[in-house]
Amino acid sequence: MRLLIKIMSVGFLCLFFASEASAAEELTREQILDKRMDYYIKYSTDTLPWYYLAAVDQYERNIQEVRKDLPERDGVVAVQFEDDFWVGPLNPLGDDTNLTTISYFEGQGRDGNNDGIADRQNDEDVMFTLVQYLSPQVHSEKDFEKALKRYYDKDLTVKQILTNAKIYKTYEVLNLDKRAFVLAISHNYSYRSTWGDKRGWGGRRMHEGTDLFAYSGVPVKSATYGIVETKGWNDYGGWRIGIRDVNNTYHYYAHLSGFAKGIEEGKIVEPGTVIGYVGSSGYGKKGTAGKFAPHLHYGMYKYNGRTEWAYDPFPLLQKWEREEKTRYKLNPAAR
């Protein structure tokens, strides 16, 4: 009996200290972002600035979050390399870490932390390998774009990574989590879940977004940090704006009555930036308006490295609205 109690006590202590060690190793989001930035700066070069490396890494992180065929990498850095790239296409050892055999089979895996092996589970090795692959090809932004095209072979992927780089370069931080509600909450408005509702104009189709009803002219705001990718007329959406953020998400604002001054394609905006005004434009040739009550159609589209699809923005709109009302309650002057 004493032996059993002793064994159970030792087991408990082992579990206790293991859990304590695990908790000690957990990092806050701020600490993770700081460590991530340290890697980007450490491995950056004159032709590969930190925001290029951050842009690639963030893209990889985004697609891992929405693809079942891509496991999320266990590390501060998200970049993953396929076997053929890391160890060489003819290497019989898919998990090879030996620098000699990797080089022999023309693999790209490199040793970044000087421990004598090329380990895909090591963040230093991954970052060093990424830089060693890109550096000989990149001497300008155009070279960076060409190198991305060679590696990923998808135009939308290249566009997304370049978007990430421009946004990171502008704000010089990685923490771009802030969001804003898409309408000025000091005005009257109403909305409900309209995802999947039937639409008839232009053919039978489902509603891909949320309609927010308000008086014509109510300011429409960017929900996120991003780049204005599209601005102009669409027969379905009328005067509309499309903004792409660093999370592989395209934000679509439609049926506007007009655009805010200074909002042009390529402009970088942040949460709360007024981009246009509620209207009733669309469902016809350029300039058509008044076929329905004034409202903002807001849609969200996610890109997973292969395809882009719409998803229901209603839950996020509710969340952003609650957060914004709380902020304004604490600081009425911010209204």
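Residues numbered from 1 in each chain as written. Predicted model: local features only at pLDDT ≥ 70, side-chain atom pairs only at ≥ 80, totals over all residues. Heavy atoms only, no water.

Visitor: Account for the pattern of salt bridges, with residues named and values stated.
Guide: Tallying each qualifying case throughout the model produces 17 salt bridges. For the salt bridge of Arg 244 with Glu 308, the shortest nitrogen-to-oxygen distance reads 3.1 Å. Here the residue Arg 244 occupies a position in strand β7 (residues 238-244), and Glu 308 occupies one in strand β12 (residues 308-311), the gap between them amounting to 64 residues. The shortest N-O distance in the salt bridge between Glu 323 and Lys 319 comes to 2.7 Å. Of the two residues, Glu 323 and Lys 319 are both situated in helix α9 (residues 314-330); the distance of four residues between them amounts to about one turn of the helix. (Salt bridge = Lys/Arg side-chain N within 4 Å of Asp/Glu carboxyl O. Helix = DSSP H or I, 4+ residues; strand = E, 2+ residues; numbered from the N terminus.)

Visitor: Can you break down the pairing of strand β10 (residues 274-278) residue by residue, with the values?
Guide: One face of the sheet, then the other: side chains in a regular strand alternate in exactly this way. Bridge analysis of strand β5 (residues 219-221) against β10 gives three bridges, and the strand direction is antiparallel. Looking at β10, one finds that Val 220 is bridged to Gly 276. Where strand β8 (residues 249-259) and β10 come together, three bridges link them in antiparallel fashion. Pairing of Phe 259 across the sheet is with Gly 276, part of β10. (Pairing = 2+ DSSP bridges.)

Visitor: How would you sum up helix α7 (residues 141-152)? Please name residues and give values.
Guide: The end-to-end C-alpha distance of α7, which contains 12 residues, comes to 16 Å, matching closely the 16 Å that a straight helix rising 1.5 Å per residue would cover. What α7 keeps buried is the set Asp 143, Phe 144, Ala 147, Leu 148 and Tyr 152. The buried residues of α7 occupy one face: seen down the axis, they fall within an arc of 150°. Just beyond α7, the residue with positive phi is Asp 153, at close to 60°. (Expected span 1.5 Å × (residues − 1). Buried < 20%, exposed > 50% of the residue type's maximum accessible area, 1.4 Å probe, protein only. Arc of directions from axis to C-beta.)

Visitor: Lay out the packing of helix α3 (residues 50-66) against α7 with the relevant residues and their values.
Guide: Between α3 and α7, the shortest axis-to-axis distance is 12 Å and the interhelical angle comes to 25°. Classified by the interaxial angle, the pair formed by α3 and α7 is roughly parallel. Every pair of crossing elements has a handedness; the one defined by α3 and α7 is right-handed. Here α3 contributes Tyr 52, Val 56, Tyr 59 and Glu 60 to the contact with α7, which in turn contributes Glu 141, Phe 144, Leu 148 and Tyr 152. Across the contact of α3 with α7, the residue classes break down as six nonpolar, no polar and two charged. (Axes fitted to C-alpha atoms, helices over the stretch in contact; angles between N-to-C directions. Parallel < 35°, antiparallel > 145°, perpendicular 65-115°, else oblique. Left-handed = near helix turned anticlockwise from the far one by under 90°. Contact = heavy atoms within 4.5 Å. Nonpolar A, V, L, I, M, F, W, Y, C, P; charged D, E, K, R; others polar.)

Visitor: Can you break down empty space enclosed by the protein residue by residue, with the values?
Guide: Taken as a whole, this structure holds one cavity of 30 Å³ or more when the rule is applied. Put simply, the parts of the chain that give the lining of the largest cavity at least two residues each are α3, α6 (123-134) and α7. Take the lining of the largest cavity: its biggest share by element is four residues, from α7. For the lining of the largest cavity, a count of residues per class yields 10 nonpolar, one polar and one charged. (1 Å grid on protein atoms, 1.4 Å probe; cavity = no way out; pocket = protein on both sides within 12 Å on 5 of 7 lines; lining within 4 Å. Points joined across faces, edges and corners; volume = space filled by probe spheres on them.)

Visitor: Tell me what's going on with the pairing of strand β4 (residues 210-214), and back it up with residues and numbers.
Guide: Burial within β4 is extensive, with four of its five residues counted as buried. Bridging between strand β1 (residues 189-191) and β4 involves three bridges; their strand directions are antiparallel. Residue pairing for β4: Tyr 189 is matched across the bridge by Ala 214. Sheet topology note: the β4/strand β11 (residues 295-303) ladder contains four bridges and is antiparallel. By the bridge assignment for β11, Thr 210 is matched with Tyr 298.

Visitor: Explain the packing of aromatic side chains to me, and be specific about the residues and the numbers.
Guide: Applying the stated criterion across every chain, the model contains 25 aromatic pairs. Geometrically, the ring pair formed by Phe 81 and Phe 85 is stacked, given 4.8 Å between the ring centres and 10° between the ring planes. Classification of Phe 85 as buried rests on a relative accessible area of 16%. Clustering of aromatic rings is evident, with ring pairs tying together Tyr 59, Phe 81, Phe 85, Trp 86, Tyr 133, Tyr 151, Tyr 152 and Tyr 303. (Phe/Tyr/Trp six-rings, centres within 6.5 Å; stacked < 30°, edge-to-face > 60°.)

Visitor: How would you sum up α6? Please name residues and give values.
Guide: End to end, α6 covers 17 Å across 12 residues, agreeing with the expected 16 Å (1.5 Å per residue, within 8%). Turning to α6, its buried residues are Asp 123, Glu 124, Asp 125, Val 126, Met 127, Thr 129, Leu 130, Val 131, Tyr 133 and Leu 134. On its buried side, α6 packs onto α2 (29-43), α3, α4 (83-87) and α7. Sitting at the amino-terminal end of α6 is Asn 122, which places a side-chain oxygen 2.9 Å from the backbone nitrogen of Glu 124. (Polar contact = N/O pair within 3.5 Å; in protein donor to acceptor, adjacent residues only side chain to side chain.)

Visitor: Could you give an account of the environment of Gly 107, naming the residues involved and the relevant values?
Guide: Among the structural elements, Gly 107 can be located in the loop between α5 (99-104) and α6. The exposure class of Gly 107 is buried, given its relative accessible area of 4%. Residues Gly 107 and Asp 84, 23 residues apart in the sequence, show an inter-C-alpha distance of 7.0 Å. In contact with Gly 107, not counting residues within four places along its chain, are Phe 85, Trp 86, Val 87, Gly 88 and Ile 102.

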